[in-house]
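Structural features, examined
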Protein chains: 2
Amino acid sequence: MTDTVDSRAVMEAIEWRREQVNDAIPENLPVVEPKKLYEASRYLLDAGGKRLRPTILLLAAESIADVPTRSEPYREFPTAEGPIDMMSAAVSIEIIQSFTLIHDDIMDDDDMRRGVPAVHREFDLSTAILAGDTLYAKAFENMLETGSTGDRSVRALSELATTCTQICEGQSMDIEFETVEAVTTEDYLEMVELKTAVLYAAAASIPAILMGEDDYVDPLYQYGLNIGRGFQIQDDLLDLTTPSEKLGKQRGSDLVENKRTIITVHARHQGVDVESLVPTDDVEAVDEATIDDAVAELEDAGSIDFARETAEGLIQDGKENLEVLPDNEARDLLEGIADFLIEREY
Amino acid sequence: MTDTVDSRAVMEAIEWRREQVNDAIPENLPVVEPKKLYEASRYLLDAGGKRLRPTILLLAAESIADVPTRSEPYREFPTAEGPIDMMSAAVSIEIIQSFTLIHDDIMDDDDMRRGVPAVHREFDLSTAILAGDTLYAKAFENMLETGSTGDRSVRALSELATTCTQICEGQSMDIEFETVEAVTTEDYLEMVELKTAVLYAAAASIPAILMGEDDYVDPLYQYGLNIGRGFQIQDDLLDLTTPSEKLGKQRGSDLVENKRTIITVHARHQGVDVESLVPTDDVEAVDEATIDDAVAELEDAGSIDFARETAEGLIQDGKENLEVLPDNEARDLLEGIADFLIEREY
């Protein structure tokens, strides 16, 4: 399979849908009383984001419906049983993503997110917990408001609830791994599947569920699972390879903070003393030369190539999962997004 | 309306259903991998609780179906469209309750719950946040597994999601009230409605939704709303009137910690200097005589009578909401539970 759209068309497709999603968020999640709670709930959503997951959901719907992209209104998207509000499903997925970021930032004690203070820093711990909990409920409310049939809505909701459970399991594994020596690359990839990839899988497959197109549900789920894992590995790689100013944070901060990544898990199994690669635990105190040396050692161990090849393999698998879809522009763009996930530089 | 069951029969009805719910919890929420996450999720559920909300749900189902109580299996409860798993709905409600307790204890920095350490004390902050988030998803999963029709399940889910949103709003108001002088008893009751009563309302009305008995949905919702508010006011009263050893914590601890209750909100509007009633902020340091004096002053201000009368009025209204139900033992027990909520001493 070769790309039939160039990366510029992919960027435009993402941009255009991002705008649509940005317009929909205040409609689907208005700031009402008590204001502080809803302002905190909207804070990260309003701070930005590429809206990749809702974009994938909307493109999957367009490919399944086999309509020219951007030809149908997302609020009244055509299905055999009449129009449904596909945008509500897209916003639901973005809301789940935002809820997990708010709670993860508390757990990881992270101060910044999307260039602004984390919600528990901008507001306080209680408000951040509560904002996440509110978003959780709002995601379910939004997924229930598509106007799809009862049975399909139940299936979509069930998919969403299972996804949330798995995200919690993945986050729990991620925390647990911090204190476990013997983590394998397989363990790590299982954690990534749960923590990150299942939400891509839900985003890609839920339009097929809502439209009653059962044959597409599983392949699209697998597409999401594959590219979601590829996305996370690329995130791990970018931390080491992208200059700090482009990354928006210190390059190599995962090494400084001893965060486990596919690269460090692999390197440890190659006998690299990962903890001593960067002696300091203080992101402020580290210098570029130390990071350069660390990256060189990880390269020598073959760990960076291993990560890159794993990501590329997953993206390739994800693109092949799309072959069952009608051959149309939306499918080409879904392939293009798969490539984008590992070609992006930040 | 007069009671047709005595309080002993009510206690037995609660006890018997509590056992059923206790047996169902491990079935509907098994401890799987990652174990620590699920053990933390189950921790408070396993620590006890009266299971009042699921008991109300199960009794409402029995009254609507107009069957002798305990005559039908909750796992295959009869409806016009075939049997449904009413116990899954009951467990769902109890799981929501447990999730809110875990997150509330973090926000309120409470150390103990149900005689055991709060989840964030027994485990840690991250695990407690994540356990709550997991329960949240599991509650939705359980509510989706009743086997009711798609349309009814969607309505029940929608009710559950809205309820969760409102609980968050109520908790947000509760936190906000701590720093606001001008809270009225109406404000306070609105907060209680959102934070506490809507979950009783969901418990009482969801069986009618799942059984397709639309005429009963609204009256049962109102029943839950009324008795839920009565329950919370009684909680406020018990803190002042029940001896510490029976209460399981220091009597008057709400006064010591300057927690707003219907009683203190009323007293403040009567000109009582509520903050100075108990000079210390340390629950360990307070003596019984100080609490006695404070209670006497609140009694003189009419605040305790006001709370008692408000609770009694709400319970009376709640019982009247039941009049539309078939006249059967289950309905009598629902009335009895309403009375129990304000007659209980702990």
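Parameters at a glance
- Residues numbered from 1 in each chain as written.
- Chains lettered and ligands numbered in written order.
- Predicted model: local features only at pLDDT ≥ 70, side-chain atom pairs only at ≥ 80, totals over all residues.
- Heavy atoms only, no water.
- Contact = heavy atoms within 4.5 Å.
- Buried area = accessible area lost by both parts, 1.4 Å probe.
- Salt bridge = Lys/Arg side-chain N within 4 Å of Asp/Glu carboxyl O.
- Polar contact = N/O pair within 3.5 Å; in protein donor to acceptor, adjacent residues only side chain to side chain.
- Least-squares fit on C-alpha atoms with pLDDT ≥ 70 in both.
- Axes fitted to C-alpha atoms, helices over the stretch in contact; angles between N-to-C directions.
- Helix = DSSP H or I, 4+ residues; strand = E, 2+ residues; numbered from the N terminus.
- Parallel < 35°, antiparallel > 145°, perpendicular 65-115°, else oblique.
- Left-handed = near helix turned anticlockwise from the far one by under 90°.
- Phe/Tyr/Trp six-rings, centres within 6.5 Å; stacked < 30°, edge-to-face > 60°.
- Buried < 20%, exposed > 50% of the residue type's maximum accessible area, 1.4 Å probe, protein only.
- Lys NZ or Arg CZ within 6 Å of the ring centre and 35° of its normal.
- Disulfide = S-S within 2.5 Å.
- Expected span 1.5 Å × (residues − 1).
- Patch = residues over 30% accessible without salt bridge, like charges linked within 9 Å, V, L, I, M, F, W, Y side chains within 5 Å.
- Areas by Shrake-Rupley, 256 points an atom, 1.4 Å probe, with all protein chains shown as cover.
- Lys, Arg positive; Asp, Glu negative; His and termini not counted.
- Charge placed at Lys NZ, Arg CZ, Asp CG, Glu CD.
- Nonpolar A, V, L, I, M, F, W, Y, C, P; charged D, E, K, R; others polar.

Describing the interface of chain A and chain B
- Chain A puts 37 residues into the contact, and the matching count from chain B is 37 residues.
- For the pairing of chain A and chain B, the buried interface totals around 3,000 Å² over both sides, and the portion due to carbon and sulfur atoms is 73%.
- Three residues stand out in chain A for area buried against chain B, namely M107, L130 and L144 of chain A, and they jointly supply 16% of the buried area on that side.
- Here chain A and chain B share 0 salt bridges between them.
- Remark: the boundary between chain A and chain B carries 12 residue pairs in polar contact (both at pLDDT 80 or more).

What about the relation of the copies chain A and chain B?
- The two copies are related by a screw motion: chain A maps onto chain B through a turn of 180° and a shift of 0.0 Å along the axis, at an RMSD of 0.0 Å. Those values place the two copies in the arrangement expected of a two-fold rotation axis. Across chain A, the rotation axis passes nearest the C-alpha of G150 of chain A, at a separation of 2.1 Å.
- Of the interface residues in chain A, 100% have counterparts in chain B that sit at the interface too, so the contact is made through matching surfaces.

Quick notes on the packing of helix 3 (residues 52–65) of chain B against helix 15 (residues 329–343) of chain B
Residue and element names in this part refer to chain B.
- Relative to each other, helix 3 and helix 15 sit at 155°, their axes nearing to 8 Å. It follows from the interaxial angle that helix 3 and helix 15 lie roughly antiparallel. With respect to the hand of their crossing, helix 3 and helix 15 are arranged in left-handed fashion. Between helix 3 and helix 15, the residues in contact are L52, T55, I56, L59, A60, E62 and S63 and A330, R331, L333, L334, I337, F340 and L341, respectively.

Focus: the packing of aromatic side chains
- Under the defined criterion, the tally for this structure stands at 14 aromatic pairs over all chains.
- With a centroid separation of 6.1 Å and 20° between ring planes, the pair formed by Y136 of chain A and F140 of chain A is classed as stacked. You can see Y136 of chain A and its partner F140 of chain A sitting in helix 6 (residues 125–143), 4 residues apart, about one turn around the helix.
- Relative accessible area serves as the criterion here: at 0%, Y136 of chain A is assigned to the buried category.
- A centroid spacing of 5.6 Å and a plane angle of 85° characterise the contact between Y43 of chain B and F123 of chain B, whose relative ring orientation is edge-to-face. Of this pair, Y43 of chain B sits in helix 2 (residues 35–47) while F123 of chain B sits in the loop between helix 5 (119–122) and helix 6 (125–143), placing them 80 residues apart in sequence.
- Taking the relative accessible area as the measure of exposure, F123 of chain B reaches 22% and is therefore partly exposed.
- Among the aromatic side chains, those forming a connected cluster through ring pairs are F99, Y136 and F140 of chain A together with F99, Y136 and F140 of chain B.
- Geometry around F231 of chain B places R53 of chain B over its ring, the cationic atom sitting 5.8 Å from the centre.

Concerning the state of the cysteines
- In the structure shown here, the tally under the stated rule is 0 disulfides over all chains.
- Take C168 of chain A: it sits in no disulfide, and the sulfur closest to it among the cysteines is that of C164 of chain A, at 7.0 Å.

A word on the pattern of salt bridges
Residue and element names in this part refer to chain A.
- Tallied over the entire structure, the rule returns 52 salt bridges over all chains.
- R18 is the salt-bridge partner of E15, the closest N and O atoms lying 3.2 Å from each other. With E15 and R18 both in helix 1 (residues 7–28) and 3 residues apart, the pair spans about one turn of that helix.
- R18 sits in the partly exposed class, given a relative accessible area of 24%.

Structural notes on helix 3 of chain B
Residues and elements named next belong to chain B.
- An ideal rise of 1.5 Å per residue puts 20 Å on 14 residues; helix 3 measures up with 20 Å between its terminal C-alpha atoms.
- Summarising burial for helix 3: 13 of the 14 residues are buried, a large majority.
- Positive backbone phi, approximately 55°, marks D66, located one or two places after helix 3.

Let's talk about a negative patch on the surface
Residues and elements named next belong to chain A.
- Where like charges cluster on the molecular surface, the negative patch consists of D273, D287, D293, E297, E299, D300, D305, E309 and E312.
- Elements supplying a minimum of two residues to the negative patch: helix 13 (288–300) and helix 14 (303–321).
- In terms of residues, the negative patch owes the most to one element, helix 13, which gives 4 residues.
- One can find E312 in helix 14.
- Owing to a relative accessible area of 42%, E312 belongs among the partly exposed residues under this scheme.

Thoughts on unusual backbone geometry
- Here the amide bond leading from E33 of chain A into P34 of chain A is cis, since omega sits at -10°, within 30 degrees of zero.
- Relative to the helices and strands, P34 of chain A is located in the loop between helix 1 and helix 2 (35–46).
- Its identity as a non-glycine residue notwithstanding, R70 of chain A has a phi of 65°, on the positive side.
- Within the element layout of this structure, R70 of chain A appears in the loop between helix 3 (52–65) and helix 4 (86–107).
- Classification of R70 of chain A by relative accessible area gives partly exposed; the value is 39%.
- Unlike most non-glycine residues, N258 of chain B shows phi in positive territory, near 55°.

So, the packing of helix 3 of chain B against helix 8 (residues 185–210) of chain B
Residue and element names in this part refer to chain B.
- It is at 8 Å that the axes of helix 3 and helix 8 come closest, and there the two elements cross at 30°. Taken together, the axis directions place helix 3 and helix 8 in an arrangement best described as roughly parallel. Here helix 3 runs over helix 8; the crossing is right-handed. Where helix 3 abuts helix 8, its residues L52, R53, I56, L57, A60, A61 and I64 lie against L199, Y200, A203, A204, P207 and A208.
- Classifying every residue of the contact of helix 3 with helix 8 gives 12 nonpolar, no polar and 1 charged.

So, the environment of E343 of chain B
- Among the structural elements, E343 of chain B can be located in helix 15.
- Counting along the chain gives 35 residues from E343 of chain B to R308 of chain B, while the straight-line C-alpha distance between them is 11 Å.

A look at the environment of A294 of chain B
Residue and element names in this part refer to chain B.
- Along the chain, A294 turns up in helix 13 (residues 288–300).
- The spatial distance from the C-alpha of A294 to the C-alpha of G252 is 8.7 Å, given a sequence separation of 42 residues.
- Discounting chain neighbours no more than four positions away, the residues touching A294 are L255, L277 and V278.

Here we look at the environment of I291 of chain A
All names here are of chain A.
- For I291, the position within the fold is in helix 13.
- Take I291: its relative accessible area is 0%, and that puts it in the buried class.
- With 120 residues separating them along the chain, I291 and Q171 place their C-alpha atoms 27 Å apart.

Purely geometric numbers; function is a separate question.
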